[in-house]
Amino acid sequence: MILTRTDGTVLLLGIETSCDDTATAVVRNGRTALSNVSTNQDRFHAKYGGIVPEIASRQHVALLSAAVEDALDRAEVGLSDLDGIAVTAGPGLIGSLVVGVASAKALAYASGKPLYAVNHLHGHIFAAFLEQDLEPEYPFLTLLVSGGHSQLVRVDSPVETRVLGRTRDDAAGEAFDKTARLLGLPFPGGPAIDALARSGNPAAFSFPRHRADRGSLDMSFSGLKTSVRYFLESPAGRNVDRADVAASFQAAVVAVLIDRLDRAASGGEYRLAVLSGGVAANSALQTAFAAWGERTGVRTAIPHLRFCTDNAAMIAAAADRRGAAALSDALRLGADPNLPF
Ligand code: KG4
Ligand code: ZN
């Protein structure tokens, strides 16, 4: 177990470098972010229309030491004040993960503090309880939608999670990013589509919505993206209002996600549902998710925007919730790009 101080507080440094955000944070008791620093690399990847793993990894090397210092300074603590160091060990880009893991190992070794290996997806799940008047009520359901993942996860405890359904192809965020590219919007595409869709009509075009087989909670978004592409290349699609296309595409993604959520919760066993991951920042999805909660009577929770997209506070929060995940030999920890739940 994580050792607590005599005053009952646990102070963890979080490090997250699984993709393209170099993120560090200091979190108290898994709930309060004393600092949450994230250096966005978007400008280095934007011209390629997606994340270039080699660039991401090099940028982490260049940025991480200063980001650790920054998180400690902003929280007004030193390494010696910490109770441990939590780091994302996977899943993610291997070249990016190893930078965070190596750095966390070095810090743990030098300071004598325990090291906690955290699954990135657990981070997204437990982000919901950061700085909110909310405690987990097990079992709860999480709709985890990011650039790399789209899954419905049943959470029975901080260490027991089960994937109930997942995308068969593109993640929801990936579909946003690829469709944004078709629309000539900048990377990352999610926020750009979200913004453009505000002035569009979601019912203007009827793009296909993936229908799952009976009993399945899987989803698919690649057909939707391809259908937007064919439409834009067709004569009918040449002079359309791009805001209408953005809004109609977004409506289709939201409809699929809410349909699978609804199916997952149809047994009535969940009293809480969490929406998390970068796509949880989407305004149409947030509205539909809240409306679903009202309709079904399931309490809904969405992390604060700063904890929705990749961040290190969620990694420290998940480590704190897990408690028992301490590794006694910090030097043995490796990064695993395919780390399962
Ligand atoms: O969780 P995240 O920061 O990184 C991953 O672990 O993937 O998610 C990034 C994804 C990107 O695909 C981005 O386009 C999407 O989240 N995203 C959004 C919005 N903000 C970020 N998608 C739709 N609407 C948004 N407002
Ligand atoms: Zn993520």
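Residues numbered from 1 in each chain as written. Chains lettered and ligands numbered in written order. Predicted model: local features only at pLDDT ≥ 70, side-chain atom pairs only at ≥ 80, totals over all residues. Heavy atoms only, no water.

Chemist: Tell me about the pairing of strand 3 (residues 32-40), and name the residues and values.
Modeler: As paired elements, strand 2 (residues 21-28) and strand 3 share eight bridges and run antiparallel to each other. Bridge pairing links Asp 21 to Asn 40 in strand 3. Count of turn residues in the strand 2/strand 3 antiparallel hairpin: three residues, of which Asn 29 carries a positive phi of about 55°. (Pairing = 2+ DSSP bridges. Helix = DSSP H or I, 4+ residues; strand = E, 2+ residues; numbered from the N terminus.)

Chemist: I'd like a description of the domain arrangement of the protein, backed by residues and values.
Modeler: Each assigned domain of the protein is listed with its residue range as follows: domain 1 (11-127 + 308-328) and domain 2 (138-303). Every contact between the two is made by 16 residues of domain 1 and, on the other side, 22 residues of domain 2. Summing both partners gives a buried area of about 1600 Å² for domain 1 against domain 2, and 71% of it is carried by carbon and sulfur. Our count for the domain 1 to domain 2 interface comes out at zero salt bridges. Put simply, domain 1 and domain 2 have three residue pairs in polar contact (both at pLDDT 80 or more) between them. Sorting the residues of the side of domain 1 that touches domain 2 by element identifies helix 4 (120-126) and helix 11 (313-322) as the ones contributing at least two each. (Domains from an automatic or database assignment. Contact = heavy atoms within 4.5 Å. Buried area = accessible area lost by both parts, 1.4 Å probe. Salt bridge = Lys/Arg side-chain N within 4 Å of Asp/Glu carboxyl O. Polar contact = N/O pair within 3.5 Å; in protein donor to acceptor, adjacent residues only side chain to side chain.)

Chemist: Any chance you could break down the pattern of salt bridges for me, citing the residues and the numbers?
Modeler: With the rule as written, the count across this model stands at 16 salt bridges. A salt bridge links Asp 156 to Arg 154; the nearest nitrogen and oxygen atoms lie 3.0 Å apart. Taking the relative accessible area as the measure of exposure, Asp 156 reaches 29% and is therefore partly exposed. When the shortest N-O distance is used, the salt bridge between Asp 170 and Lys 225 registers 3.1 Å. Here the residue Asp 170 occupies a position in the loop between strand 8 (160-166) and helix 5 (172-182), and Lys 225 occupies one in helix 7 (residues 222-233), the gap between them amounting to 55 residues. Neither residue differs from the other here; Asp 170 and Lys 225 are each classed as buried. (Buried < 20%, exposed > 50% of the residue type's maximum accessible area, 1.4 Å probe, protein only.)

Chemist: Report on the site of ligand 1, specifying residues and quantitative values.
Modeler: Around ligand 1 lies a shell of 20 residues, among which Gly 147, Asp 177, Asp 194, Gly 278 and Asp 310 are the nearest. A distance of 2.9 Å separates an oxygen atom of ligand 1 from a polar atom in the backbone of Gly 278. One nitrogen or oxygen atom from the side chain of Asn 282 is found 3.0 Å from a nitrogen atom belonging to ligand 1. Going through the elements one at a time, helix 4, helix 5 and helix 6 (189-197) are the ones with two or more residues in the shell around ligand 1. Ranked by residues supplied to the shell around ligand 1, first place goes to helix 6 with four residues. Here the shell around ligand 1 is built from residues that sort into five nonpolar, twelve polar and three charged. (Near = heavy atom within 4 Å. Nonpolar A, V, L, I, M, F, W, Y, C, P; charged D, E, K, R; others polar.)

Chemist: Can you break down helix 8 (residues 242-264) residue by residue, with the values?
Modeler: An ideal rise of 1.5 Å per residue puts 33 Å on 23 residues; helix 8 measures up with 33 Å between its terminal C-alpha atoms. The distance from a side-chain oxygen at the start of helix 8 to the backbone nitrogen of Ala 243 is 2.9 Å, and the residue carrying that oxygen is Asp 241. (Expected span 1.5 Å × (residues − 1).)

Chemist: Outline helix 5, supporting the account with residue identities and numerical values.
Modeler: Along helix 5, the residues that are buried comprise Ala 172, Gly 173, Ala 175, Phe 176, Thr 179 and Ala 180. Angularly, the buried residues of helix 5 cover 155° about the axis, an arc narrow enough to put them on a single face. At its buried positions, helix 5 is contacted by strand 6 (140-145), strand 7 (150-157), helix 6, helix 7 and helix 8. Positioned one or two residues after helix 5, Gly 184 has a phi angle of 75°, which is positive. (Arc of directions from axis to C-beta.)

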